[in-house]
Amino acid sequence: MTANKSLRVCEKGHKYYKSSDCPTCPTCDKENKPQSGFLSQLSSPARNALVHEGIDTLQKLSSYTEKEILKLHGVGPASLPTMRTSLEKAGLSFKE
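All values derive from a computational prediction rather than experimental measurement.

Caption draft 1: Region of interest: the overall build of the protein chain. Of the regular secondary structure elements, the protein chain holds 5 helices and 2 strands. Seen in sequence order, the protein chain has helices and strands lined up from the N terminus as β-β-α-α-α-α-α. For the protein chain, the spread of C-alpha atoms along the principal axes amounts to about 45 × 30 × 20 Å. Expressed as a percentage of the 96 residues in the protein chain, the buried residues total 31%. Partitioning the contacts of the protein chain with sequence separation of at least 6, the portion at a separation of at least 24 is 31%. By element, 51% of the accessible surface of the protein chain is carried by carbon and sulfur atoms, the whole surface being about 6700 Å². Between the centroid of the 14 positive side chains of the protein chain and the centroid of its 10 negative side chains there is a distance of 6 Å.

In structure tokens, the structure reads:
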């Protein structure tokens, strides 16, 4: 079964196809990717999920449990090791 992809145009005029309801433009995502920091090491869906929740620093990330982070749409188990490593380098950890 193949998902039907629809042509979309973002507010900047980029054209892209998506089969989900996600409104994120892949071209804009690439342009907006941070060059440094822990967010730059995450996939676009995980990064967008964290930013949408206002989690843009390691200090803010450390105030959540791993289970709470995994409940965010776009964050999967593959993102946790990257987040853990970033937290450990800063002397922080997820909330217990």
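Next comes the rest of the description.
Caption draft 2: Looking closely at the pattern of salt bridges. Using the criterion set out here, one finds 2 salt bridges in the structure. Asp56 is paired through a salt bridge with Lys60; the nearest N and O atoms lie 3.0 Å apart. One salt bridge connects Glu66 with Arg84, and the closest N-O pair in it is separated by 2.8 Å. Of this pair, Glu66 sits in helix α4 (residues 66-70) while Arg84 sits in helix α5 (residues 80-89), and the two are 18 residues apart along the sequence.

Caption draft 3: Structural context of α5. Among all positions of α5, only Leu80, Met83, Ser86 and Leu87 are buried. The buried residues of α5 all sit within an arc of 130° when viewed along its axis, so they share a single face. α5 presents Glu88 and Lys89 as exposed residues on the side facing more than 90 degrees away from its buried surface. Contacts from the buried residues of α5 go to α2 (44-52), α3 (58-61) and α4. A positive backbone phi angle near 75° is found at Gly91, which sits one or two residues after α5.

Caption draft 4: Representation of the pairing of strand β1 (residues 6-9) within the structure. As defined by bridge partners, β1 adjoins strand β2 (residues 15-18) across 4 bridges and the pair is classed as antiparallel. By the bridge assignment, Ser6 is partnered in β2 with Lys18. Turn length for the β1-β2 hairpin, with the two strands adjacent in sequence and antiparallel, is 5 residues, and the turn residue Gly13 shows positive phi of about 95°.

Parameters and conventions
Each chain has its residues counted from 1, running along the sequence as written. The model is predicted, so local features are restricted to residues of pLDDT at least 70 and side-chain atom pairs to those at 80 or more, both for listing and for counting; the totals for chains, interfaces and linings are taken over all residues. With hydrogens and water stripped out, all remaining heavy atoms of the structure feed into the side-chain values. Helix numbering and strand numbering both begin at the N terminus, where a helix is a DSSP run of H or I of at least 4 residues and a strand a DSSP run of E of at least 2. Type-normalised accessible area, obtained with a 1.4 Å probe on protein chains alone, sets the label of each residue: buried when under 20%, exposed when over 50%, and partly exposed for intermediate values. Whether two residues touch is decided by their heavy atoms; if any such pair falls within 4.5 Å, the residues are in contact. Using the Shrake-Rupley algorithm and a 1.4 Å probe, accessible areas are obtained, with residue cover drawn only from the displayed protein chains. For the purpose of counting charges, residues Lys and Arg are taken to be positive, whereas Asp and Glu are taken to be negative. His and the chain ends are not included. The atom standing in for a charge is NZ when the residue is Lys, CZ when it is Arg, CG when it is Asp and CD when it is Glu. What makes a salt bridge here is a side-chain nitrogen of Lys or Arg within 4 Å of a carboxyl oxygen of Asp or Glu, nothing more. The reported arc concerns the directions from the helix axis to the C-beta atoms and nothing else. Pairing between strands requires that DSSP locate at least two bridges from one strand to the other.

That is the geometry; function is a separate question.
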